[in-house]
Each structure stands twice: as structure tokens, then as C-alpha cells.
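These are the residues of each chain, in order.
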Amino acid sequence: MNYMKIKKTDVSNGPGVRVSIFVSGCHHHCKNCFNQEAWNFKSGTPFTDDTIEEIINAMNHEYIAGLSLLGGEPFELINQKGLLPLIKKVKEVYPDKTIWAYSGFLYEELKEMEYEETKEILNLIDILVDGKFVEELKDPNLYFRGSSNQRIIDMNKTRKSKKIILSEKNTRRN
Ligand code: SF4
């Protein structure tokens, strides 16, 4: 897996100040994607154990609320394989910090994936922001998502109730 960048004080992709990683590679090719240079799986820098350590260290501040996973597409299989050890490590070291994952796939599509990694990731993350970016539904007043078709899913409640429960953050200004 390659990644494009790590933001160590990100205030746009989830609540509070977060560490965010933008992975490389995405097959969705949404019209007017905000990050087209991340479509290529070969773009960016190889993700290694040192990268995991860098992220764990960057999260070691009280003001960091959690980790956000973006892309590219974090749920491309190669990226799931790369991100799973990071997700596990973050859960182990910072059980009280939240993990948000963004995906162009719908939750229902991710549930259908047969990879063990997908099941594990869906069991570990706190929030899934799902769905492709749709230019016609773009709304700058939405919190933490680009277009109104995208959903901010509370994964803890969804796992418990076995039906999709949206987060209280699934709102817009005004
Ligand atoms: S899923 Fe995200 S990274 Fe991929 S094309 Fe759509 S907006 Fe861009």
C-alpha cells in the first residue's frame, strides 16, 4: 500500500483535532473528486511499520481525538491489508480515541465483501462515512462529508442493533 499524505492536526475529517492518513488508489473515479492524484495506486510513499509508528506517535497528545482514514479508497483490498495493522494498533494503544473511515463503497457493499480484513475493519472502526462523492449533491454546509448522499454511520450502534444507525454528526449547518 502507498499513501499520499498524513495530516497531524486535521480539523476537517471528523470531530476535534485528528491525525488523518490519505491512502493511494481508488477505482471509483467520482466526478470532480477532491483528490484525483490519489487515484493511482503507485502514487505517494510506501506505507511501512515506520509509518504506523509515526502515526501512533502523532496521536500521543491529549488534544488528538482520533484517527481518520481517507483516500483514495481505504477499502480497496490492498489498502485494507495495509490499514488493518494500523487500526489494531490504534485500538490497542488509544482505546478511547475514535477511528473514522471514509469510503466510496456503501456500507451494504462493504458488508458483502468476502475478505476477512473487511469484516475486521468494520468491527473495529467507530464511524464509517460511506458513498461516492456526487457533484450534483455537493453541499458545503454538511459536516464532515462532501455530498448529501453520503452517510455518517455510527458503527458501534449499528453493530449492536444490526441495522444502520446514523451518527448525530450526520447533519448540516442550518
Ligand atoms: S471515492 Fe473519494 S477518492 Fe475515490 S474518486 Fe470518489 S471522492 Fe475521489
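Residues numbered from 1 in each chain as written. Predicted model: local features only at pLDDT ≥ 70, side-chain atom pairs only at ≥ 80, totals over all residues.

A separate point is the packing of helix H2 (residues 77–93) against helix H4 (residues 116–124). It is at 10 Å that the axes of H2 and H4 come closest, and there the two elements cross at 35°. By crossing handedness, the relation of H2 to H4 is classed as left-handed. Between H2, through Gln-80, Lys-81, Leu-84, Ile-87, Lys-88 and Lys-91, and H4, the contact on the second element is made entirely by Glu-117, Thr-118, Glu-120, Ile-121 and Leu-124. (Axes fitted to C-alpha atoms, helices over the stretch in contact; angles between N-to-C directions. Helix = DSSP H or I, 4+ residues; strand = E, 2+ residues; numbered from the N terminus. Left-handed = near helix turned anticlockwise from the far one by under 90°. Contact = placed C-beta atoms within 7 Å.)

Let's shift gears to the sheet that holds strand E1 (residues 2–10). Ordered in space as E3-E1-E2-E4-E5-E6-E7, the seven strands form an open sheet in which the pairing is mixed. Either end of the sheet is taken by a strand with one partner, and the two such strands are strand E3 (45–46) and strand E7 (151–154). In terms of strand pairing, E1 meets E3 through two bridges, oriented antiparallel. Each bridged residue has a counterpart across the sheet, and for Tyr-3 the counterpart in E3 is Thr-45. Each of E1, strand E2 (17–23) and strand E4 (64–70) touches helix H1 (residues 49–58); the most contacted strand, E1, lies at about 10° to it. (Pairing = 2+ DSSP bridges.)

It is worth spelling out the site of the ligand at this point. Near the ligand lie 13 residues; those nearest to it are Cys-26, Cys-30, Cys-33, Gly-104 and Phe-133. Of the residues assigned to the shell around the ligand, the class counts are five nonpolar, six polar and two charged. (Near = placed C-beta within 6 Å. Nonpolar A, V, L, I, M, F, W, Y, C, P; charged D, E, K, R; others polar.)

Attention now goes to the pairing of E2. For E2, a buried count of six out of seven residues is recorded, marking the element as mostly surrounded by other parts of the structure. Pairing analysis gives five bridges linking E1 to E2, with the strands arranged antiparallel. Bridged to Lys-5 within E2 is Phe-22. The antiparallel hairpin formed by E1 and E2 contains six residues in its connecting segment, where Gly-14 sits at a positive phi of about 125°. (Buried ≥ 20, exposed ≤ 12 C-beta atoms within 10 Å, placed from the backbone.)

Attention now goes to H2. Taking 1.5 Å as the rise per residue, H2 with 17 residues should run 24 Å; its terminal C-alpha atoms sit 25 Å apart, in good agreement. At Leu-83, H2 shows its largest kink, close to 35°, and the proline Pro-85 lies no more than four residues downstream. Burial in H2 covers these residues: Asn-79, Gln-80, Gly-82, Leu-83, Leu-86, Ile-87 and Val-90. Of the surrounding secondary structure, the elements contacted by the buried residues of H2 are E2, H1, E4, strand E5 (98–102) and H4. (Expected span 1.5 Å × (residues − 1). Bend = angle between axes of the 7 residues up to and from the residue.)

The next point concerns the nonpolar core. Formed by 29 residues in total, the largest nonpolar core has its most connected members in Leu-69, Ile-87, Ile-99, Ala-101, Ile-125, Ile-127 and Leu-128. Broken down by secondary-structure element, the contributors of at least two residues to this core are E2, E4, H2, E5, strand E6 (127–130) and E7. (Core = buried A, V, L, I, M, F, W, Y, C linked by C-beta atoms within 7 Å.)

Residue placement: Lys-81 occurs in helix H2. Residues Lys-81 and Ile-121 lie 40 residues apart in sequence; the distance between their C-alpha atoms is 9.8 Å. What Lys-81 contacts, discounting residues up to four positions off in sequence, is Met-1 and Glu-117.

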